Amino acid sequence: MGLGDIIGFMETDVEALVARAQMGDRDAYGEVYKLYFRKIFRFVYYSVEKRTLAEDITQDTFLRAWKALPSFSSERGTFQAFLFAIARNLVIDHSRKRREVALEFAENVFSGEDLEANLSEKQEGEMVRKSLSVLDSFEKELVIMRYFEELSYEEIANVTQKNAGAVRVRVHRALKKLREYLKEKGEI
Amino acid sequence: MKTDRYLERLKKEYLKTQPSKRMVDFGWDDLEILLIEEEMRKSRFPRFLTYATLVLIIVLGAFFGFFQAANASLPGQPLYPVKRLSETIIRTASPTSDIKVENRAKEILQISKSKKGKESLPKTVEDYQKAVSQIKEELSSLENREEFQKKLEEQEEQFREAQKHGSSKELERAIEAAKEGRSGPDGGDDDNDRSGSDSGPH
C-alpha cells in the first residue's frame with residue numbers, strides 16, 4: 001500500500017466520520033476533532049501569536065463547524081478546507097475587532113504580566129515567525145497551508161475563496177519573496 | 001533547492017508548536033459540553049416563536065369565544081348579526097349545509113321557553129320556514145334528503161314538546177314548516193298520502 005493509498009483511505013475515513021457526525025453522532029465528531037485540532041491550532045497561533053487566544057479560536061472553530069455541519073457537503077470541498085475556512089474567518093474577525101479597539105484607545109496599555117506572557121510566547125516558534133515576517137498576512141497563510149499543513153491548491157482555493165490558479169501564483173510570489181529575504185539574511 | 005530545504009526546517013519547527021497540555025487532554029471534553037448545550041438550546045422552542053404562538057392562541061381563543069357567544073345569541077341581541085353572517089359564510093363554503101334550519105329551530109325553542117324576547121318569535125318562525133323550503137329545493141341526493149327529513153322530524157317533536165310551555169300558535173306554524181319540509185316531491189305528506197302512488201296494490 002503506497003502513501004497515496006494511505007492518504008486516500010484516510011480521506012474516506014474522515015468522510016465517513018463526518019457523515020456520521022452530520023447525523024448527530026458526537027463521538028464521530030470527537031474523532032474528527034482529534035484528527036484536526038492541532039492543525040487548526042497551529043494555523044491560528046501563527047496568525048494571532050497568543051496561545052490562549054489561539055486555543056479559544058480553535059474551540060470556536062469546531063463549535064461553529066458542528067453548527068454548520070448540515071450545510072457541509074464533500075462535493076464542495078474537503079472537511080479540512082471547511083475547518084480552515086472557519087478558522088481563517090474567525091482570525092479575520094478577531095483582527096478587525098482588535099483594530100477597532102486600538103482606534104478607540106489611543107495607546108495600548110499592557111500590564112507587566114502581559115509583557116512577560118507575550119515575551120515567552122514569542123520565543124516559541126521564533127524562527128518560523130521571523131522567517132515569515134517578510135510576507136504579508138495572506139502570503140503567510142498560503143505558505144503555512146501549502147508547505148506546513150500540506151493542503152492542496154484546491155483546498156486552499158476553497159479556504160480563501162479564490163481560484164486555484166490565483167492561489168498558485170500567489171504562493172509562487174510568496175516563495176520568491178521568502179527566498180530573497182533568506183538570501184539577504186544569509187540563511188541560504 | 002536551498003529554499004525547499006529551508007522550508008523543511010521551518011516546517012519541523014512549525015510542527016513543534018503544540019497547544020497546551022490542558023487542551024490536548026481535555027479539549028474534546030470541553031468542546032463536547034458546548035455541543036450538548038448547543039443541542040439543548042436548539043431543541044427548546046425558539047423564544048420568539050413561543051411568544052408568537054401564545055399571542056396567536058390568545059387571539060384565536062378570543063375569536064373563538066366571540067363566535068361562541070355570537071352562536072348562542074338570539075334575535076334582537078347585539079351579536080345576532082354576526083351569527084347570521086357566519087351562517088352565510090358556512091352556506092357559501094358548503095351550499096347543502098342546513099345550518100340555517102338548525103339555528104332557526106334552536107332559536108324557536110329557546111325563545112318559546114324564555115319569558116323575554118317573544119316578540120321576535122313570529123319572524124324567527126318565518127325565517128325557519130324559508131330556510132326549510134330553500135334546503136328542500138337544494139338537496140339533490142337521496143341520502144341527504146333522508147337525513148334532512150330525519151332532522152326535521154326531530155325538530156317537529158321538539159316543537160310539539162315546547163308547545164306545552166306556551167307560544168302554541170307560532171310553534172304550530174313551525175311544526176307545519178317541518179312537516180312541509182319532510183313532504184315528498186309530489187307535494188303530499190309521505191306518511192298520509194298514498195292515493196297518487198303507483199306502487200303496490202290498493
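Thresholds applied
- Residues numbered from 1 in each chain as written.
- Chains lettered and ligands numbered in written order.
- Predicted model: local features only at pLDDT ≥ 70, side-chain atom pairs only at ≥ 80, totals over all residues.
- Heavy atoms only, no water.
- Helix = DSSP H or I, 4+ residues; strand = E, 2+ residues; numbered from the N terminus.
- Buried < 20%, exposed > 50% of the residue type's maximum accessible area, 1.4 Å probe, protein only.
- Contact = heavy atoms within 4.5 Å.
- Areas by Shrake-Rupley, 256 points an atom, 1.4 Å probe, with all protein chains shown as cover.
- Salt bridge = Lys/Arg side-chain N within 4 Å of Asp/Glu carboxyl O.
- pLDDT = per-residue confidence, 0-100.
- Axes fitted to C-alpha atoms, helices over the stretch in contact; angles between N-to-C directions.
- Parallel < 35°, antiparallel > 145°, perpendicular 65-115°, else oblique.
- Left-handed = near helix turned anticlockwise from the far one by under 90°.
- Nonpolar A, V, L, I, M, F, W, Y, C, P; charged D, E, K, R; others polar.
- Polar contact = N/O pair within 3.5 Å; in protein donor to acceptor, adjacent residues only side chain to side chain.
- Phe/Tyr/Trp six-rings, centres within 6.5 Å; stacked < 30°, edge-to-face > 60°.
- Lys NZ or Arg CZ within 6 Å of the ring centre and 35° of its normal.

### Details of the overall build of chain A
Next, step 1: Of regular secondary structure, chain A possesses nine helices and zero strands.
Next, step 2: Counting over 188 residues, chain A shows a buried share of 42%.
Next, step 3: Sequence-distant contacts in chain A: of pairs separated by 6 or more residues, those separated by 24 or more amount to 62%.
Next, step 4: Accessible surface computed for chain A: about 10,700 Å², of which carbon and sulfur atoms make up 51%.

### Points about the overall build of chain B
Next, step 1: Scanning chain B for helices and strands turns up eight helices and zero strands.
Next, step 2: Here chain B holds 202 residues, and 31% of them are scored as buried.
Next, step 3: For chain B, the exposed surface amounts to about 13,500 Å²; the carbon and sulfur share of it is 57%.

### Observations regarding the interface of chain A and chain B
Next, step 1: Facing the 38 residues of chain A at the interface are 28 residues of chain B.
Next, step 2: At the boundary of chain A with chain B, the tally comes to four salt bridges.
Next, step 3: Across the pair Arg26(A) and Glu39(B) runs a salt bridge whose closest N-O atoms are separated by 3.1 Å.
Next, step 4: Those elements that place two or more of their residues in the side of chain A that touches chain B are α2 (26-48), α3 (51-67), α6 (126-132), α7 (137-148) and α9 (164-185) of chain A.

### As for unusual backbone geometry
Apart from glycine, the bulk of residues carry a negative phi angle, and the bulk of peptide bonds sit in the trans form.
Next, step 1: Unusually for a residue other than glycine, Glu49(A) sits at a positive phi of about 60°.
Next, step 2: You can call Glu49(A) partly exposed: its relative accessible area is 23%.

### Here's the deal with the confidence of the model for chain A
Next, step 1: Counting all residues, the mean pLDDT for chain A is 86, and 81% of those residues have values of 70 or more.
Next, step 2: Below a pLDDT of 50 lies the segment residues 106-117 of chain A, which in the model reaches two contacts outside its immediate sequence neighbourhood of four places, other chains included.

### Considering the packing of α3(A) against helix α2 (residues 21-43) of chain B
Next, step 1: Look at α3(A) against α2(B): their axes get within 10 Å of each other, and the N-to-C directions meet at 40°. By the angle between their axes, α3(A) is oblique relative to α2(B). The way α3(A) lies across α2(B) gives a crossing that is right-handed. Contacts from Glu55(A), Thr58(A), Gln59(A), Phe62(A), Leu63(A), Trp66(A) and Lys67(A) in α3(A) reach Met23(B), Gly27(B), Asp30(B), Leu31(B), Leu34(B), Leu35(B), Glu38(B) and Glu39(B) in α2(B).
Next, step 2: For the contact of α3(A) with α2(B), the class distribution of residues is seven nonpolar, three polar and five charged.

### A word on the environment of Ala81(A)
Residue and element names in this part refer to chain A.
Next, step 1: Tracing the sequence through the fold places Ala81 in helix α4 (residues 79-104).
Next, step 2: Expressed as a C-alpha distance, the spacing of Ala81 and Asn158, which sit 77 residues apart in the sequence, is 6.4 Å.
Next, step 3: For Ala81, the contacting residues outside a window of four places in its chain are Glu155, Asn158 and Val159.

### Quick look at the side chain of Thr3(B)
Next, step 1: Here Thr3(B) lies in helix α1 (residues 2-16).
Next, step 2: Judged by relative accessible area, Thr3(B) falls into the buried class, the value being 3%.
Next, step 3: A polar contact of 2.9 Å, which involves the side chain of Thr3(B), links it to the side chain of Arg179(A).
Next, step 4: Discounting chain neighbours no more than four positions away, the residues touching Thr3(B) are Arg179(A) and Ile188(A).

### Describing the packing of aromatic side chains
Next, step 1: Inspection of the entire model under this criterion finds 17 aromatic pairs over all chains.
Next, step 2: Seen from their ring centres, Tyr128(B) and Phe159(B) are 5.3 Å apart, and the 90° between their planes marks the pair as edge-to-face. With Tyr128(B) in helix α6 (residues 121-138) and Phe159(B) in helix α7 (residues 142-162), the pair connects residues that are 31 residues apart, well separated along the chain. This pair shows no difference in class: Tyr128(B) is buried, exactly as Phe159(B) is.
Next, step 3: Through a chain of ring-to-ring contacts, the aromatic side chains of Tyr29(A), Tyr33(A), Phe37(A), Phe62(A), Trp66(A) and Trp28(B) assemble into a single cluster.
Next, step 4: For Arg51(A), the ring lying beneath its charged end belongs to Tyr45(A), and the centroid distance is 5.8 Å.
Next, step 5: The side chain of Arg146(A) reaches across the aromatic face of Tyr153(A), ending 4.3 Å from its centre.

### Describing the pattern of salt bridges
Opposite charge on two side chains permits them to pair, given that their charged atoms come into close proximity.
Next, step 1: In total, this model carries 32 salt bridges over all chains according to the counting rule given.
Next, step 2: In this structure, Glu126(A) and Arg129(A) form a salt bridge, with 3.8 Å as the shortest nitrogen-oxygen distance. Note that Glu126(A) and Arg129(A) are positioned in helix α6 at a spacing of three residues, about one turn of the helix.
Next, step 3: By relative accessible area, which is 34% here, Glu126(A) ends up partly exposed.
Next, step 4: Residue Arg129(A) is classed as buried on the basis of its relative accessible area, which comes to 11%.
Next, step 5: In this structure, the salt-bridge partner of Lys16(B) is Glu13(B), at a minimum N-O distance of 3.0 Å. Taken together, the residues span about one helical turn, with Lys16(B) and Glu13(B) both in helix α1 at a distance of three residues.
Next, step 6: In this structure, a network of salt bridges that share partners links the residues Lys83(B), Arg84(B), Glu87(B), Arg104(B), Glu107(B), Lys123(B) and Asp127(B).

### Some details on the confidence of the model for chain B
Residue and element names in this part refer to chain B.
Next, step 1: Residues at a pLDDT of 70 or more form 85% of chain B, whose mean pLDDT is 83.
Next, step 2: With pLDDT under 50 throughout, residues 186-202 is counted as low confidence; its partners more than four residues away or in other chains account for eight contacts.
Next, step 3: Predicted as a complex, the structure gets a pTM of 0.57 and an ipTM equal to 0.84.

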